[in-house]
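Structural overview
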Amino acid sequence: MTRVRKAVFPVAGLGTRFLPATKAIPKEMLPVVDRPVIDYVVEEAREAGIEHFIFVTGRNKGVIEDHFDVQVELYDTLAQRGKDHVLGDLQRMQPAPGQASFTRQQKPLGLGHAVWCARELVGNEPFALLLPDMIMQSDPGCMAQMIGLYEKTGGNVVAVQECDPSETHKYGIVGRGRATGDGFEITEMVEKPAKGKAPSNFYLNGRYILQPEIFSILANQARGAGNEIQLTDGMLKLKDKQDFFAYPYSGRAFDCGSPEGFVEANLAFALQREDMRERIGGNLAGLLSEAAGLSRKRSRA
Ligand code: G1P
């Protein structure tokens, strides 16, 4: 079995669900506590053993490339001021020279098209795909858990979670088949099914391990839901030729492409931090009782 060494991060999305915050700043650079969203996703990949980070970018996303570059003056200043722990944190996130690649999607034709744009950089080997809207909270991370299943099964592995049945039209949904070890076989896959048409409530949460044969399928693919070239449609075709497993991820997932998910992520990650838990937890209790009062007033009005 070929080891998964490379990860693809499609970061070309416009972030329209998050305007006006994302008018000039890429959504992947919005901070959750004190790190940009993209750091959490890259860290998850690194923890899973990924050695090469491939970013599929677009116009106005140059700052993501700068973020993963060495900033000589900043590093020198931090060193002179004795801020070694801050410098250490920055250097730990820094891909080594040649470990990060950037390519542009050029046209917003959909997730399937964005993934296809990485074909030359991935080459003929399995790869991890992490959608940067979603950040995960678990130890070990979602991708590390998936690699554990992949090492037993090979083939293709997608992470799934259960959503409220009223929300299935927002996601890619898989049908549940026979259980296999830590996961289950997939019977079908539908991108954003119409209400009442979903095969289950297991949604694709934005973490995938895919074989390189997906690229030739995506190259010729017709547009699907939302008039976009959909990755889910391509995976459905690949499933006819190769094994596909679902890994039910039990950690927390936050959709940082939406303001609600982003706020929840900020709270959840801040409350994990020793240096913030007490203060934020205390304030939160007060804010919650105030909010409960507002809701009561509203329901009486
Ligand atoms: C994409 C995928 C979808 C998946 C979702 C997870 O949709 O196409 O299958 O469930 O990410 O966030 P998007 O959120 O880009 O519409």
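Model, not experiment: these values are computed from the prediction.

Here we take up the site of the ligand. All residues adjacent to the ligand are Leu111, Leu131, Met134, Tyr171, Gly172, Glu191, Lys192, Leu204, Gln230 and Thr232. Glu191 is positioned such that a nitrogen or oxygen atom in its side chain is 2.7 Å from an oxygen atom of the ligand. Within the backbone of Leu204, a nitrogen or oxygen atom sits 2.6 Å from an oxygen atom of the ligand. In isolation the ligand has 380 Å² of accessible area, and contact with the protein removes 79% of it. Of the residues that constitute the shell around the ligand, the class distribution is 5 nonpolar, 3 polar and 2 charged.

Here the second largest pocket defines a volume of roughly 880 Å³. Residue lining of the second largest pocket: 32 residues in total, with Arg35, Asp39, Tyr40, Arg92 and Met93 positioned closest to the centre. Every element with two or more residues in the lining of the second largest pocket is listed here: strand S3 (35-36), helix H1 (37-47), helix H2 (62-67), helix H3 (72-80), helix H4 (84-92), strand S7 (134-137) and helix H10 (259-272). Of the residues belonging to the lining of the second largest pocket, the class tally is 13 nonpolar, 7 polar and 12 charged.

Scanning the entire structure with this criterion turns up 18 salt bridges. With a shortest N-O distance of 2.7 Å, Arg178 and Glu185 are connected by a salt bridge. Under the relative-accessibility criterion, Glu185 is labelled partly exposed at 27%. Among the charged side chains, a network of salt bridges with common partners joins Arg17, Lys27, Asp133 and Asp255.

Bringing the side chain of Asn205 into the picture now. Relative to the helices and strands, Asn205 is located in strand S11 (residues 202-210). Looking at Asn205, the relative accessible area reads 1%, which means it is buried. Engagement of the side chain of Asn205 in a polar contact is seen with the side chain of Gln161, the distance being 2.9 Å.

For the rest of this paragraph, the subject is a nonpolar patch on the surface. On the surface, a nonpolar cluster with roughly 190 Å² of combined accessible area is contributed by Leu74, Val86 and Leu90. Structurally, Val86 is set in helix H4.

Before going further, it helps to examine the packing of H10 against helix H11 (residues 274-300). The contact between H10 and H11 brings their axes to 6 Å, and the two run at 125 degrees. With respect to H11, the element H10 is oriented oblique. Counted together, Leu267, Ala270, Leu271 and Gln272 of H10 and Glu274, Met276, Arg277, Ile280, Gly281 and Leu284 of H11 form the full contact between these two elements. Split by residue class, the contact of H10 with H11 holds 6 nonpolar, 2 polar and 2 charged.

Core analysis: the biggest nonpolar cluster contains 48 residues, and Phe9, Val32, Phe55 and Ile135 have the highest contact counts within it. If near-sequence neighbours (up to four positions away) are discounted, Phe55 is found in contact with Phe9, Val11, Ile38, Val42, Ile64, Phe68, Ala100, Ser101, Phe102 and Thr103. Ranked by size, the runner-up nonpolar core spans 30 residues in total, among them Cys117, Val122, Leu129 and Met235.

Attention now moves to the pairing of S11. For S11, the buried fraction is high: 9 of the 9 residues fall into the buried class. Looking at chain direction, strand S6 (residues 127-130) and S11 are connected through 4 bridges and run antiparallel. Opposite Leu129, over in S11, you have Tyr208 as the bridge partner. Note: strand S9 (residues 172-180) against S11, 2 bridges, orientation antiparallel. Opposite Ile173, over in S11, you have Tyr203 as the bridge partner.

Moving on, we get to the packing of aromatic side chains. If you walk through the whole model with that rule in mind, you get 10 aromatic pairs. A cation sits over an aromatic face here: Arg35 above Tyr40, 4.7 Å from the ring centre. When the ring centre of Trp116 is taken as reference, the NZ or CZ atom of Arg119 above it lies at 3.8 Å.

Residues Leu19 and Pro20 are joined by a peptide bond in cis, for which omega reads 5 degrees. That bond from Asp139 to Pro140 is cis: its omega, 0 degrees, falls within 30 degrees of zero. Note on placement: Pro140 falls in the loop between S7 and helix H7 (142-153). Positive phi, normally seen in glycine, also occurs at Asn60, with a value near 70 degrees. Within the fold, Asn60 resides in the loop between strand S4 (52-57) and H2. By relative accessible area, which is 65% here, Asn60 ends up exposed. Positive phi, close to 70 degrees, is recorded for Gln106, a residue that is not glycine. By secondary structure assignment, the location of Gln106 is in the loop between strand S5 (100-104) and helix H5 (111-116). Judged by its relative accessible area of 67%, Gln106 is exposed.

The rules behind the values
- Residues numbered from 1 in each chain as written.
- Predicted model: local features only at pLDDT ≥ 70, side-chain atom pairs only at ≥ 80, totals over all residues.
- Heavy atoms only, no water.
- Near = heavy atom within 4 Å.
- Polar contact = N/O pair within 3.5 Å; in protein donor to acceptor, adjacent residues only side chain to side chain.
- Areas by Shrake-Rupley, 256 points an atom, 1.4 Å probe, with all protein chains shown as cover.
- Nonpolar A, V, L, I, M, F, W, Y, C, P; charged D, E, K, R; others polar.
- 1 Å grid on protein atoms, 1.4 Å probe; cavity = no way out; pocket = protein on both sides within 12 Å on 5 of 7 lines; lining within 4 Å.
- Points joined across faces, edges and corners; volume = space filled by probe spheres on them.
- Helix = DSSP H or I, 4+ residues; strand = E, 2+ residues; numbered from the N terminus.
- Salt bridge = Lys/Arg side-chain N within 4 Å of Asp/Glu carboxyl O.
- Buried < 20%, exposed > 50% of the residue type's maximum accessible area, 1.4 Å probe, protein only.
- Patch = residues over 30% accessible without salt bridge, like charges linked within 9 Å, V, L, I, M, F, W, Y side chains within 5 Å.
- Axes fitted to C-alpha atoms, helices over the stretch in contact; angles between N-to-C directions.
- Parallel < 35°, antiparallel > 145°, perpendicular 65-115°, else oblique.
- Contact = heavy atoms within 4.5 Å.
- Core = buried A, V, L, I, M, F, W, Y, C linked by side-chain atoms within 4.5 Å.
- Pairing = 2+ DSSP bridges.
- Phe/Tyr/Trp six-rings, centres within 6.5 Å; stacked < 30°, edge-to-face > 60°.
- Lys NZ or Arg CZ within 6 Å of the ring centre and 35° of its normal.

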